[in-house]
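Chains, contacts and geometry: an overview
Chain by chain, the residues run as shown.
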Amino acid sequence: LHRVDRRQRQMCIRDSLNTNIAGNLQERGSYVALVSPDGSQLSIIIETIAAKISQDAYFDFKNSTINSLHVWKTNETTWFLQLNDVRIVNNVLSIVLEPGSLYTLSTTTGQAAAPNLPIPPTKPFPIPYSDNFDSYKPEATVKYFADQGGSWNAAVDPTNANNGIFKQVVTEPPIPWSTNPQPISIIGNSQDWKDYTIKVRAFLPTVQPSDYVAIFGRISTYNTFGTSWAPGYAFLVYSHGEFQLLKGFNNKGPQVISSGTVVYNPNVWHTLQLTFSGSTISLFLDGKELVPGGVTDYDYTHGLAALGSGWHSAYFDDFEVSL
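Residues numbered from 1 in each chain as written. Predicted model: local features only at pLDDT ≥ 70, side-chain atom pairs only at ≥ 80, totals over all residues. Heavy atoms only, no water.

Looking at the overall build of the protein
Selection rule: Note on conventions: DSSP H or I runs of at least 4 residues are helices, E runs of at least 2 residues are strands, and numbering of each starts at the N terminus. It is over C-alpha atoms that the radius of gyration is taken, and the globule rule equals 2.2 Å times the number of residues to the power 0.38. The buried label goes to any residue with under 20% of its type's maximum accessible area, the exposed label to any with over 50%, and the partly exposed label to all in between, with areas taken from a 1.4 Å probe on protein chains only. The criterion used for residue contact is that any of the two residues' heavy atoms lie within 4.5 Å. In short, Shrake-Rupley with a 1.4 Å probe defines the accessible areas, and a residue's cover is counted only from the protein chains shown. Under this rule, positive means Lys or Arg and negative means Asp or Glu; His and the chain ends count for nothing. A charged residue contributes its charge at one atom only: NZ of Lys, CZ of Arg, CG of Asp or CD of Glu.
From N to C terminus, the protein includes zero helices and 26 strands. Rg of the C-alpha trace for the protein: 27 Å, well past the compact-globule value of 20 Å for 323 residues, more than 25% over. Viewed in the frame of its principal axes, the protein has a C-alpha envelope of about 85 × 40 × 35 Å. Relative to its 323 residues, the protein shows a buried fraction of 46%. Sequence separation of 24 or more characterises 62% of the internal contacts of the protein that already satisfy a separation of 6 or more. Summed over all atoms, the accessible surface of the protein reaches about 16,700 Å², with 50% contributed by carbon and sulfur. For the protein, the distance from the average site of its 21 positive side-chain charges to the average site of its 27 negative ones is 9 Å.

This is the structure:
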(Lines give C-alpha, C1' and ligand atoms only; values in the text may rest on other atoms or scores of the structure.)
Protein backbone atom coordinates (compact mmCIF):
# COMPACT_ATOMS: atom_id res chain seq x y z
CA LEU A 1 0.00 0.00 0.00
CA HIS A 2 1.42 3.37 -1.08
CA ARG A 3 -0.03 6.84 -0.55
CA VAL A 4 0.53 8.73 -3.79
CA ASP A 5 0.54 12.52 -4.18
CA ARG A 6 -1.05 12.80 -7.65
CA ARG A 7 0.03 16.41 -8.15
CA GLN A 8 3.71 15.79 -7.48
CA ARG A 9 3.61 12.35 -9.14
CA GLN A 10 5.69 10.74 -6.43
CA MET A 11 5.23 8.08 -3.79
CA CYS A 12 5.11 9.40 -0.26
CA ILE A 13 5.04 6.05 1.50
CA ARG A 14 6.40 2.69 0.40
CA ASP A 15 5.42 -0.44 2.24
CA SER A 16 3.72 -3.79 1.80
CA LEU A 17 0.28 -4.94 2.88
CA ASN A 18 1.68 -7.00 5.75
CA THR A 19 2.93 -3.90 7.59
CA ASN A 20 1.10 -1.05 9.31
CA ILE A 21 2.02 2.30 7.76
CA ALA A 22 1.27 5.95 8.44
CA GLY A 23 1.87 9.33 6.86
CA ASN A 24 0.76 12.93 6.42
CA LEU A 25 -1.58 14.50 3.86
CA GLN A 26 -0.61 17.35 1.53
CA GLU A 27 -3.19 19.85 2.84
CA ARG A 28 -2.79 18.96 6.54
CA GLY A 29 -4.06 15.76 8.07
CA SER A 30 -2.72 12.27 8.56
CA TYR A 31 -3.52 8.62 8.04
CA VAL A 32 -2.62 5.21 9.37
CA ALA A 33 -3.19 1.87 7.64
CA LEU A 34 -3.78 -1.22 9.78
CA VAL A 35 -3.49 -4.74 8.40
CA SER A 36 -4.72 -7.93 10.08
CA PRO A 37 -2.01 -10.45 11.05
CA ASP A 38 -2.95 -12.78 8.20
CA GLY A 39 -3.05 -9.93 5.68
CA SER A 40 -6.68 -10.54 4.74
CA GLN A 41 -8.20 -7.36 6.20
CA LEU A 42 -7.22 -3.72 5.86
CA SER A 43 -8.39 -0.49 7.52
CA ILE A 44 -7.21 3.05 6.78
CA ILE A 45 -8.03 5.78 9.30
CA ILE A 46 -7.68 9.34 7.94
CA GLU A 47 -8.06 12.61 9.85
CA THR A 48 -8.32 16.10 8.39
CA ILE A 49 -9.04 17.95 11.63
CA ALA A 50 -6.63 20.83 10.94
CA ALA A 51 -7.22 20.99 7.18
CA LYS A 52 -8.73 24.19 5.74
CA ILE A 53 -9.80 22.93 2.30
CA SER A 54 -10.95 19.69 0.68
CA GLN A 55 -8.22 17.54 -0.83
CA ASP A 56 -7.84 14.47 -3.00
CA ALA A 57 -6.00 11.46 -1.59
CA TYR A 58 -4.69 8.56 -3.65
CA PHE A 59 -3.61 5.16 -2.37
CA ASP A 60 -1.71 2.74 -4.61
CA PHE A 61 -2.75 -0.93 -4.18
CA LYS A 62 -0.12 -2.71 -6.20
CA ASN A 63 -0.15 -6.50 -5.90
CA SER A 64 -3.39 -6.39 -3.89
CA THR A 65 -6.55 -8.46 -4.36
CA ILE A 66 -8.73 -5.85 -2.62
CA ASN A 67 -11.34 -4.35 -4.97
CA SER A 68 -13.12 -1.83 -2.73
CA LEU A 69 -13.31 -0.42 0.78
CA HIS A 70 -16.29 0.52 2.94
CA VAL A 71 -16.26 4.15 4.15
CA TRP A 72 -17.50 5.87 7.32
CA LYS A 73 -17.24 9.57 8.09
CA THR A 74 -17.39 11.60 11.32
CA ASN A 75 -17.37 15.38 11.77
CA GLU A 76 -19.05 17.99 13.96
CA THR A 77 -22.50 17.25 12.54
CA THR A 78 -22.23 13.62 11.43
CA TRP A 79 -21.23 10.69 13.59
CA PHE A 80 -19.91 7.54 11.91
CA LEU A 81 -22.08 7.89 8.82
CA GLN A 82 -21.57 5.14 6.26
CA LEU A 83 -20.90 6.50 2.77
CA ASN A 84 -20.75 4.69 -0.54
CA ASP A 85 -17.93 2.20 -0.96
CA VAL A 86 -14.85 3.41 -2.81
CA ARG A 87 -13.55 1.18 -5.58
CA ILE A 88 -9.94 0.54 -6.45
CA VAL A 89 -9.45 1.28 -10.16
CA ASN A 90 -6.21 0.38 -11.91
CA ASN A 91 -4.69 -0.40 -8.51
CA VAL A 92 -5.43 3.12 -7.21
CA LEU A 93 -8.01 4.20 -4.65
CA SER A 94 -8.98 7.87 -4.78
CA ILE A 95 -11.14 9.73 -2.28
CA VAL A 96 -12.09 13.36 -1.69
CA LEU A 97 -11.47 14.36 1.93
CA GLU A 98 -13.34 17.25 3.49
CA PRO A 99 -11.66 19.33 6.24
CA GLY A 100 -12.47 18.79 9.90
CA SER A 101 -13.35 15.14 9.43
CA LEU A 102 -12.38 11.63 10.43
CA TYR A 103 -12.66 8.81 7.87
CA THR A 104 -12.51 5.06 8.26
CA LEU A 105 -11.92 2.97 5.14
CA SER A 106 -12.07 -0.76 5.75
CA THR A 107 -12.60 -4.18 4.25
CA THR A 108 -14.34 -5.22 7.48
CA THR A 109 -18.09 -5.00 8.08
CA GLY A 110 -20.52 -4.75 10.99
CA GLN A 111 -19.52 -1.30 12.20
CA ALA A 112 -22.29 1.12 13.16
CA ALA A 113 -22.78 4.38 14.99
CA ALA A 114 -23.69 4.11 18.65
CA PRO A 115 -27.42 4.48 19.35
CA ASN A 116 -28.53 8.06 19.78
CA LEU A 117 -29.53 7.67 23.41
CA PRO A 118 -30.15 10.59 25.75
CA ILE A 119 -27.26 11.50 28.04
CA PRO A 120 -28.34 10.85 31.63
CA PRO A 121 -28.43 13.86 33.93
CA THR A 122 -25.44 14.59 36.12
CA LYS A 123 -25.68 13.17 39.61
CA PRO A 124 -23.25 12.93 42.54
CA PHE A 125 -21.22 9.82 43.22
CA PRO A 126 -23.38 7.54 45.40
CA ILE A 127 -22.90 7.13 49.11
CA PRO A 128 -23.06 4.59 50.64
CA TYR A 129 -20.86 2.75 48.15
CA SER A 130 -19.11 -0.61 48.36
CA ASP A 131 -17.13 -3.04 46.21
CA ASN A 132 -15.87 -6.52 47.12
CA PHE A 133 -13.95 -6.79 43.78
CA ASP A 134 -15.33 -10.28 43.08
CA SER A 135 -16.83 -9.33 39.71
CA TYR A 136 -13.53 -8.56 37.96
CA LYS A 137 -11.10 -10.77 36.09
CA PRO A 138 -7.46 -10.64 37.26
CA GLU A 139 -5.65 -7.49 36.06
CA ALA A 140 -8.92 -5.80 35.11
CA THR A 141 -9.48 -2.10 35.81
CA VAL A 142 -11.72 -1.55 38.83
CA LYS A 143 -14.67 0.79 38.33
CA TYR A 144 -14.57 4.35 39.68
CA PHE A 145 -11.09 4.15 41.26
CA ALA A 146 -8.65 6.59 39.62
CA ASP A 147 -4.94 5.82 40.06
CA GLN A 148 -2.77 8.83 40.88
CA GLY A 149 0.38 6.95 41.88
CA GLY A 150 1.49 3.36 41.44
CA SER A 151 -0.69 0.99 39.43
CA TRP A 152 -3.85 -0.70 40.67
CA ASN A 153 -5.94 -3.55 39.28
CA ALA A 154 -8.12 -6.47 40.23
CA ALA A 155 -6.29 -9.61 41.36
CA VAL A 156 -6.74 -12.94 43.11
CA ASP A 157 -6.62 -13.05 46.90
CA PRO A 158 -3.27 -14.64 47.89
CA THR A 159 -5.05 -16.41 50.77
CA ASN A 160 -8.15 -17.56 48.86
CA ALA A 161 -8.08 -18.34 45.15
CA ASN A 162 -11.85 -17.91 44.92
CA ASN A 163 -11.82 -14.34 46.21
CA GLY A 164 -11.22 -11.19 44.15
CA ILE A 165 -9.29 -8.24 45.56
CA PHE A 166 -7.83 -4.83 44.58
CA LYS A 167 -4.03 -4.77 44.33
CA GLN A 168 -1.27 -2.16 44.11
CA VAL A 169 1.33 -3.84 41.91
CA VAL A 170 4.31 -1.48 41.42
CA THR A 171 7.22 -2.39 43.69
CA GLU A 172 9.81 0.19 42.59
CA PRO A 173 9.22 3.95 42.18
CA PRO A 174 9.46 4.92 38.51
CA ILE A 175 11.97 7.46 37.21
CA PRO A 176 10.09 10.76 37.64
CA TRP A 177 9.93 13.68 35.24
CA SER A 178 8.08 15.57 37.97
CA THR A 179 7.13 14.79 41.56
CA ASN A 180 6.28 11.11 41.96
CA PRO A 181 3.01 10.61 43.89
CA GLN A 182 3.03 7.73 46.35
CA PRO A 183 0.82 4.80 45.23
CA ILE A 184 -2.75 6.00 45.68
CA SER A 185 -6.09 5.44 43.95
CA ILE A 186 -8.92 7.89 44.62
CA ILE A 187 -12.69 7.51 44.50
CA GLY A 188 -15.82 9.47 45.32
CA ASN A 189 -17.09 13.03 45.46
CA SER A 190 -14.63 15.84 46.09
CA GLN A 191 -17.24 18.47 46.96
CA ASP A 192 -20.12 16.85 48.84
CA TRP A 193 -18.50 14.15 50.95
CA LYS A 194 -17.92 15.69 54.37
CA ASP A 195 -18.71 13.44 57.35
CA TYR A 196 -18.31 9.80 56.35
CA THR A 197 -16.60 6.50 57.16
CA ILE A 198 -14.15 4.57 54.99
CA LYS A 199 -13.65 0.91 55.79
CA VAL A 200 -11.54 -1.71 54.02
CA ARG A 201 -9.74 -4.98 54.65
CA ALA A 202 -6.02 -4.81 53.87
CA PHE A 203 -3.24 -7.38 53.49
CA LEU A 204 0.54 -6.80 53.43
CA PRO A 205 2.39 -9.73 51.85
CA THR A 206 5.80 -8.29 52.77
CA VAL A 207 7.50 -7.63 56.10
CA GLN A 208 9.81 -4.67 55.42
CA PRO A 209 9.44 -2.17 58.30
CA SER A 210 8.66 0.67 55.88
CA ASP A 211 5.81 -1.18 54.15
CA TYR A 212 2.33 0.11 54.89
CA VAL A 213 -1.30 0.15 53.83
CA ALA A 214 -3.39 3.32 54.02
CA ILE A 215 -6.84 4.79 53.63
CA PHE A 216 -7.39 8.47 52.83
CA GLY A 217 -10.26 10.89 53.21
CA ARG A 218 -11.30 14.49 52.61
CA ILE A 219 -9.09 14.96 49.55
CA SER A 220 -10.71 18.00 47.94
CA THR A 221 -7.89 19.01 45.55
CA TYR A 222 -4.87 17.09 44.36
CA ASN A 223 -1.99 18.45 42.30
CA THR A 224 -0.14 15.26 41.40
CA PHE A 225 2.72 17.29 39.89
CA GLY A 226 3.26 19.38 43.00
CA THR A 227 3.43 16.88 45.84
CA SER A 228 4.13 13.25 46.61
CA TRP A 229 1.28 13.17 49.12
CA ALA A 230 -2.44 13.83 48.72
CA PRO A 231 -3.77 16.94 50.52
CA GLY A 232 -6.19 15.41 53.00
CA TYR A 233 -6.02 12.91 55.85
CA ALA A 234 -4.36 9.50 55.67
CA PHE A 235 -4.50 6.62 58.12
CA LEU A 236 -1.40 4.43 57.71
CA VAL A 237 -0.60 1.10 59.34
CA TYR A 238 2.97 -0.20 58.96
CA SER A 239 4.07 -3.81 58.91
CA HIS A 240 6.11 -3.30 62.10
CA GLY A 241 3.01 -2.20 64.06
CA GLU A 242 3.18 1.60 63.95
CA PHE A 243 0.15 3.61 62.91
CA GLN A 244 -0.02 7.26 61.85
CA LEU A 245 -2.61 9.85 61.00
CA LEU A 246 -1.07 12.18 58.44
CA LYS A 247 -2.21 15.50 57.02
CA GLY A 248 -1.02 16.06 53.46
CA PHE A 249 -0.35 19.28 51.60
CA ASN A 250 -0.11 20.29 47.94
CA ASN A 251 3.28 21.99 48.25
CA LYS A 252 5.18 20.08 50.94
CA GLY A 253 5.44 16.75 52.70
CA PRO A 254 2.83 15.38 55.11
CA GLN A 255 2.54 16.24 58.79
CA VAL A 256 2.05 13.56 61.47
CA ILE A 257 -0.87 14.63 63.67
CA SER A 258 -1.21 11.36 65.60
CA SER A 259 0.74 8.12 65.94
CA GLY A 260 1.13 5.04 68.09
CA THR A 261 1.80 1.31 68.02
CA VAL A 262 -0.45 -1.71 67.66
CA VAL A 263 -0.10 -5.45 67.32
CA TYR A 264 -0.09 -5.94 63.58
CA ASN A 265 0.69 -9.28 61.95
CA PRO A 266 1.71 -9.12 58.28
CA ASN A 267 0.38 -11.79 55.90
CA VAL A 268 -2.97 -11.57 57.69
CA TRP A 269 -6.04 -9.60 56.65
CA HIS A 270 -6.80 -6.59 58.87
CA THR A 271 -9.69 -4.13 58.78
CA LEU A 272 -8.89 -0.40 58.69
CA GLN A 273 -11.52 2.25 59.34
CA LEU A 274 -11.31 6.04 59.11
CA THR A 275 -14.28 8.12 60.30
CA PHE A 276 -14.87 11.87 59.94
CA SER A 277 -17.39 13.71 62.10
CA GLY A 278 -16.93 17.47 62.04
CA SER A 279 -13.50 18.19 63.47
CA THR A 280 -13.14 14.68 64.99
CA ILE A 281 -11.20 12.00 63.11
CA SER A 282 -11.41 8.45 64.44
CA LEU A 283 -9.06 5.57 63.61
CA PHE A 284 -9.96 1.90 63.99
CA LEU A 285 -7.97 -1.29 63.40
CA ASP A 286 -9.82 -4.59 63.50
CA GLY A 287 -12.70 -2.86 65.27
CA LYS A 288 -10.57 -1.29 68.02
CA GLU A 289 -10.37 2.51 68.28
CA LEU A 290 -6.69 3.46 68.31
CA VAL A 291 -7.03 6.99 69.73
CA PRO A 292 -9.89 7.06 72.27
CA GLY A 293 -12.07 10.09 71.63
CA GLY A 294 -10.50 10.64 68.22
CA VAL A 295 -8.11 13.27 66.86
CA THR A 296 -9.18 16.90 66.42
CA ASP A 297 -8.32 18.62 63.14
CA TYR A 298 -10.53 20.50 60.69
CA ASP A 299 -8.14 21.92 58.09
CA TYR A 300 -9.85 19.68 55.51
CA THR A 301 -13.63 19.56 55.66
CA HIS A 302 -14.66 17.52 52.61
CA GLY A 303 -13.31 15.46 49.74
CA LEU A 304 -12.55 12.13 48.12
CA ALA A 305 -11.66 8.80 49.68
CA ALA A 306 -8.63 6.77 48.57
CA LEU A 307 -6.54 3.66 49.14
CA GLY A 308 -2.76 3.79 49.31
CA SER A 309 0.47 1.96 50.02
CA GLY A 310 4.22 2.24 49.67
CA TRP A 311 6.19 0.98 46.68
CA HIS A 312 5.37 -2.67 47.29
CA SER A 313 2.52 -5.09 46.76
CA ALA A 314 -0.58 -4.37 48.83
CA TYR A 315 -4.00 -6.00 48.72
CA PHE A 316 -7.41 -4.54 49.59
CA ASP A 317 -10.89 -6.06 49.83
CA ASP A 318 -14.44 -5.25 50.93
CA PHE A 319 -14.17 -1.50 50.40
CA GLU A 320 -16.99 0.56 51.92
CA VAL A 321 -17.85 4.25 52.22
CA SER A 322 -20.87 5.18 54.32
CA LEU A 323 -22.43 8.11 56.14
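A few points about the pattern of salt bridges
Applied cut-off: A carboxyl oxygen of Asp or Glu within 4 Å of a side-chain nitrogen of Lys or Arg is what we treat as a salt bridge.
For the structure shown, the criterion picks out six salt bridges. A salt bridge links R201 to D317; the shortest N-O distance between them is 3.1 Å. Residue R201 is found in strand β16 (residues 197–203), and its partner D317 is found in strand β26 (residues 314–322); the two are separated by 116 residues along the sequence. Judged by its relative accessible area of 25%, R201 falls in the partly exposed class. A salt bridge links R201 to D318; the shortest N-O distance between them is 2.9 Å. Within this pair, whereas R201 is found in strand β16, its partner D318 is found in strand β26, the two being separated by 117 residues in sequence. Beyond isolated ion pairs, a larger network of salt bridges with shared partners links R201, D317 and D318.

A short note on the packing of aromatic side chains
Any pair of aromatic rings gets described here by the distance separating the centres and the angle formed by the planes. For clarity, the cut-off: Stacked, tilted and edge-to-face pairs are distinguished by plane angle, under 30 degrees for stacked and over 60 for edge-to-face with tilted covering the rest, among Phe, Tyr and Trp rings (Trp via its six-membered ring) whose centres lie within 6.5 Å. Here, a charge over a ring means that NZ of Lys or CZ of Arg falls within 6 Å of the ring centre while also lying within 35 degrees of the ring normal.
Under the defined criterion, the tally for this structure stands at 21 aromatic pairs. Within the aromatic cluster, the residues linked to one another by ring pairs are F125, Y129, Y144, W193, Y196, Y233, F276 and Y300. For R201, the ring lying beneath its charged end belongs to W269, and the centroid distance is 4.6 Å. A cation over a ring is seen here: K252 above F249, with NZ or CZ 4.7 Å from the ring centre.

Quick look at the environment of T171
Relative to the assigned elements, T171 resides in the loop between β14 (160–168) and β15 (184–187). With 106 residues separating them in the primary sequence, T171 and T65 have C-alpha atoms 50 Å apart.

Comments concerning unusual backbone geometry
Excluding glycine, a negative phi dihedral is what most residues carry, and trans is how most peptide bonds are arranged. Residue I127 is joined to P128 through a cis peptide bond whose omega torsion reads 10°. You can see P128 is positioned in the loop between β10 (102–106) and β11 (129–131). Phi is positive for D318, close to 50°, though the residue is something other than glycine.

What to know about the nonpolar core
Just so we agree on the cut-off: Residues belong to one nonpolar core when they are buried, are Ala, Val, Leu, Ile, Met, Phe, Trp, Tyr or Cys, and are joined through side-chain atoms within 4.5 Å.
If you look at the biggest cluster of nonpolar residues, it comprises 42 residues, and the most contacted ones within it are F235, L274, L283, L307, F316 and F319. Among the nonpolar cores identified, the runner-up in size contains 21 residues, and L42, I44, F59 and I66 belong to it.

Section: the environment of N251
With respect to the secondary-structure elements, N251 resides in the loop between β19 (242–247) and β20 (255–261). In the structure, N251 is positioned 23 residues away from S228 in sequence and 8.9 Å away in space, judged by C-alpha atoms.

Things to note about the side chain of H70
As a reminder of what qualifies: Here a polar contact is recorded for every N or O atom pair within 3.5 Å, except that within protein the pair must consist of a potential hydrogen donor and a potential acceptor, and residues adjacent in sequence are included only if both atoms are side-chain atoms.
Following the sequence through the fold, H70 ends up in strand β7 (residues 68–74). We classify H70 as buried; its relative accessible area is 19%. Only 3.1 Å separates the side chain of H70 from the side chain of D85, close enough to count as a polar contact. Beyond its immediate sequence surroundings of up to four residues, H70 is in contact with Q82, D85, T104, L105, S106, T107, T108 and T109.

A short note on the sheet that holds β15
Note the threshold: Here, a strand pair is defined by DSSP locating no fewer than two bridges between the strands. Only the stretch in contact is used when a helix axis is fitted, and all axes are lines through C-alpha atoms; the angle between N-to-C directions ranges over 0 to 180 degrees.
Ordered by their spatial adjacency, seven strands build an open sheet running β12-β15-β25-β17-β18-β19-β20, and the pairing between neighbours is antiparallel. The sheet is open, and its two edges are formed by β12 (146–149) and β20, each paired on a single side. In this sheet, adjacent strand axes meet at a mean angle of 20° when their direction is disregarded. Summarising the sheet, strand β17 (residues 212–219) and strand β18 (residues 233–238) pair through six bridges and their orientation is antiparallel. Paired with G217 across the two strands is Y233, which belongs to β18.

Remarks on the environment of G310
With respect to the secondary-structure elements, G310 resides in the loop between β25 (304–309) and β26. Remark: the alpha-carbon pair of G310 and V35, spanning 275 residues in sequence, is separated by 43 Å. Setting aside residues no more than four positions away along its own chain, G310 makes contact with Q168, Q182, P183 and Y212.

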